[in-house]
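Residues per chain, in single letters:
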Amino acid sequence: MHGGAGPIAEDTVPARLLGCREAVQAGWMVLSHGGSAVDAVEAAVVTLEDNPLFNAGVGSPTNSDGQVELDASIMDGAQGAAGAVAAVKRIKNPIRLARRIMQDQRHILLVGEGAERFARAHGITLCDPQDLINPHPRRPEQQHGTVGCVALDHAGRLAAATSTGGIANKYPGRVGDAALIGCGTYANHDSGVSCTGIGEAIIRVVLAKTVVDLMRPGVPIQVTAKQAIGILAEQTGDEGGVIVVNERGDVGYARNTTHMPVCWVRDGGDLVTDI
Ligand code: GLY
């Protein structure tokens, strides 16, 4: 699980790490009861969409019209299936809607009003746009915090999911990497990736798929994660972070920002956190 790449005020570090731990516990609860990697990443991401400290779901920053617009995507590596939503204003948990779009199989990405109509037709209740606005907005420099998760389940299936409110004061209708398969989220049989950072830069280097394409037998996954962030920095001059899990359950992560809260668990062992 990651809780977004970017600077973090020291006094919020414990709460952000706690949030990531709670999300990983939610995902692990699914996996330890025999659930799938897709179920696990959905459960974990919902936990942080509901946590106003993170830039996803409730607590997301507003666009230049003062509205929250949310992006999310999910990919099932075993099936090669994906679902995504962009610029939705009345969905409390966009990752649930992305999952529903994936299950429906007709489309990959739905945006705005069409996505919300699909939600209503598939039993997802629309919220009041005001419900997504944080009553205690954070300072602009603290408004990052995209969330993402990758899981490997008992059957060896990988899944990845990412959810965000995007960047503060963005142009209405702006869509970032978190809604785009291959950019913010990607999974196949061998690896799963979730990205965070400046969406425009991540899109330009197709970062999630780039990580997967860089994977080589015998090369530590951590080296590959760092290599991908090196490409992001070199080709765009911008900032971001990635998390990656392979088919053996090896975990890699890298960032070129000051912070990126991460948490993971393997085989029911202790939760590990880093910042
Ligand atoms: N990475 C989140 C965004 O730029 O929208």
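For the structure, check the block above.
Residues numbered from 1 in each chain as written. Predicted model: local features only at pLDDT ≥ 70, side-chain atom pairs only at ≥ 80, totals over all residues. Heavy atoms only, no water.

1. A short note on the overall build of the protein
Quick reminder of the rule: By definition, any uninterrupted DSSP run of H or I lasting at least four residues is a helix, any uninterrupted run of E lasting at least two residues is a strand, and each is numbered from the N terminus. Each residue is placed in one exposure class: buried if its accessible area under a 1.4 Å probe, protein chains only, is under 20% of its type's maximum, exposed if it is over 50%, and partly exposed if it falls in between. In what follows, a contact means two residues having at least one pair of non-hydrogen atoms within 4.5 Å. Areas reported as accessible are Shrake-Rupley estimates using a 1.4 Å probe. Residue values count occlusion only from the protein chains shown.
Along its length, the protein carries seven helices and eleven strands. With respect to the principal axes defined by its C-alpha atoms, the protein has extents near 50 × 40 × 35 Å. A total of 275 residues make up the protein; the buried ones form 56% of that total. Of the contacts made within the protein by residues no fewer than 6 positions apart, 65% connect residues no fewer than 24 positions apart. Accessible surface, the protein: about 11,300 Å² in total, of which carbon and sulfur atoms supply 51%.

2. Side note on the pairing of strand β5 (residues 158-164)
Counted only if it meets this: Any two strands with at least two DSSP bridges between them are considered paired.
Across the seven residues that make up β5, a large majority, seven, are buried. Burial along β5 is two-sided: Leu158, Ala160, Thr162 and Thr164 and Ala159, Ala161 and Ser163, pointing in opposite directions, are all buried. Bridging between strand β1 (residues 70-76) and β5 involves six bridges; their strand directions are antiparallel. Bridge pairing in β5 places alanine 72 opposite serine 163. As paired strands, strand β4 (residues 147-152) and β5 are joined by six bridges and run antiparallel to one another. Paired with valine 147 across the bridge in β5 is serine 163. Linkage of β4 to β5, two consecutive antiparallel strands, is achieved through a turn of five residues, within which glycine 156 is found at a positive phi near 80°.

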